[in-house]
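What the coordinates show
What follows is the residue order along each chain.
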Amino acid sequence: MNFENKERGQKQLPQQIIMINNTVSHLKNISSFLAMDIFAKAEKMEKAGRDIIHLEFGEPDFPTPSMFSDAAIQAIKDFQTKYTHTQGIESFRDAVVDKYLRKFSVKFASSQVLASSGCSPLIFLAISLLVPSGHEIIITDICYPCYDNLAILAGANPVRVKICIEDGFQLDINKIKKAITSKTRAVLINSPMNPTGTVVSKKSMRELANLGIPIISDEIYSDLIYEGDTYSMLNFTDNCIVLNGLSKYYAMTGWRLGYMIMNPAWVNIATKIHQNLMISAAHFIQKAGETAILKGETECKKMAIEFNKRRKFIINRLKECGLDPKYNPVGAFYVFLKYPDQSKKSFDLSIDILEKTGVAMTPGIDFGPGGEGFIRISYANSLENIDEAIKRIEKYFS
Ligand SMILES: Cc1ncc(COP(=O)(O)O)c(C=O)c1O
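As the structure is a computational prediction, the values presented were derived from the model and not from experiment.

Some points on the environment of Tyr249
Structurally, Tyr249 is set in the loop between β7 (240–245) and β8 (258–262). Overall, the presence of 23 C-beta atoms within 10 Å leaves Tyr249 in the buried class. With sequence-adjacent residues up to four places away left out, Tyr249 is seen in contact with Asp223, Leu224, Cys300 and Ala304.

Right under this line is the structure:
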């Protein structure tokens, strides 16, 4: 709908509309999240009375533990409702320092931490910080859809390096080396990875560190690893920016709280960008996050144990019905499944499965060209719902 306004007296002419559309044509390559598109359709069907099982979203189905909400409520009552230091309140940043020391045995100063409204704006900030316009950032094909879009938005050129199911969705450092040019300014990795749930090996992390190029390491799922050891990029190099957030492990997606940990050399400029971009994350949300990080371990571990039960269940059930994922998703809450009929496009297939069975899943193409032929199944749903969903999917494919 176009704006209408008495003062202007008339609606826009078609020519004016074309001109206005042209002003945003440089952003034509920015894509929407297909998971959201699937959700919108699923929701419509649900409203029309269909029984839908949602396996499309990367969002814990558990409610935020009440201890975290209580901390926010108390903070609001204490009038902690104003701007904070752009890097966040000292006690939240101290909690992050404490967490990384406990979990990864790495030490850094709270002045190296910057809190923001979710990990998402920090992906943009980190790319803007390290990659001058017209330069390159290496990302993987497949990866979290935002990386490509936010790199473009930051004026950077994302260069995709393939990761394949044949390699268990592991990074191939030789391919990364081949993709490096004189314009490369950063490599962006994510472990455990969305959409595969795979973890970058210790060896690959060390090799990445040895490339001598700044690494942006998205560690938002690092508390959700069910097999094997867990490392931060900070275990291997200081030449990195770590991104993390409270959406996943702490079940706080809607709270919008994330943080980045960076080399002291970048703090000054990162702070300036963040001041301009966000001013600060909300004070009372940071108080909830601080409680979550310092006191939430018992509650959050229970959720992680539940995710692991579902993971084992879904892998077994998929294997039983001839849909073996053919790799081991050891983290996050996703299985990236190569479906039998490869002549179908993943988007069309996701829509067809949704319409015929009421099971909503994300088409693999959402994660890059290498995701074609796959669907992402999120097991952030109850065992009962997962069980029912697999029964419906089995019937669909049989
Ligand atoms: C890999 C990855 N990074 C970042 C985010 C966004 O996190 P936040 O909710 O903190 O913005 C997501 C959300 O799905 C994700 O999968």
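So that's the structure; there's more coming.
Some points on the environment of Glu388
Along the polypeptide, Glu388 turns up in helix α13 (residues 383–397). Linking Glu388 and Ile53, residues 335 residues apart in sequence, is a C-alpha distance of 8.3 Å.

As for the site of the ligand
In the vicinity of the ligand lie 13 residues, with Gly118, Cys119, Ser120, Gly245 and Ser247 positioned nearest. Among the residues making up the shell around the ligand, the classes are represented as three nonpolar, nine polar and one charged.

Here's the deal with the domain arrangement of the protein
Taken domain by domain, the protein consists of domain 1 (27–63 + 298–397) and domain 2 (66–295). One C-alpha centre belongs to domain 1, the other to domain 2; they are set 25 Å apart. Secondary-structure elements contributing two or more residues to the side of domain 1 that touches domain 2 are α11 (297–320) and β9 (334–338). Counting residues per element, the side of domain 1 that touches domain 2 draws most heavily on α11, which supplies seven residues. Among the residues making up the side of domain 1 that touches domain 2, the classes are represented as 19 nonpolar, nine polar and seven charged.

As for the sheet that holds β9
The sheet built from three strands is open, its strands ordered β9-β12-β11 with antiparallel pairing. Edge strands, defined here as strands with exactly one partner in the open sheet, are β9 and β11 (362–363).

Re helix α5 (residues 120–130)
Side chains that are three or four residues apart share a direction in an α-helix, a result of its 3.6 residues per turn. Of all 11 residues in α5, eight are buried; the element is thus mostly enclosed. Restricting attention to buried positions, one finds in α5 the residues Leu122, Ile123, Leu125, Ala126, Ile127, Ser128, Leu129 and Leu130.

Side note on unusual backbone geometry
With omega at -10 degrees, the peptide bond leading from Ser191 into Pro192 counts as cis. By the secondary structure assignment, Pro192 is in the loop between β5 (184–190) and α8 (202–210). Although it is not a glycine, Ala332 adopts a positive phi angle of roughly 55 degrees. Inspection of the secondary structure assignment puts Ala332 in the loop between α11 and β9.

Rules and cut-offs
- Think of each chain on its own: its residues are numbered from 1, step by step along the sequence as written.
- This being a predicted model, a pLDDT of at least 70 is required before a residue's local features are given, and a value of 80 or more before pairs of side-chain atoms are given or counted; all residues contribute to the totals for chains, interfaces and linings.
- We count a stretch as a helix when DSSP gives it H or I for four or more residues in a row; a strand needs E for two or more, and each element gets its number in order from the N terminus.
- Residue burial here comes from a neighbour count, namely the number of other C-beta atoms, placed from the backbone, that lie within 10 Å of the residue's own C-beta, with 20 or more meaning buried, 12 or fewer meaning exposed, and in between meaning partly exposed.
- Here the contact rule is simple: place C-beta atoms from the backbone, and any two residues whose C-beta atoms are within 7 Å are in contact.
- For each residue, a C-beta atom is positioned from the backbone; the residue is called near a molecule or strand if that atom sits within 6 Å of it.
- Ten residues, namely Ala, Val, Leu, Ile, Met, Phe, Trp, Tyr, Cys and Pro, are considered nonpolar, four, namely Asp, Glu, Lys and Arg, are considered charged, and the remaining ones, Gly among them, are considered polar.
- Residue ranges for the domains trace back to a domain assignment, done automatically or taken from a database.
- Here, strands pair whenever DSSP counts at least two bridges between them.

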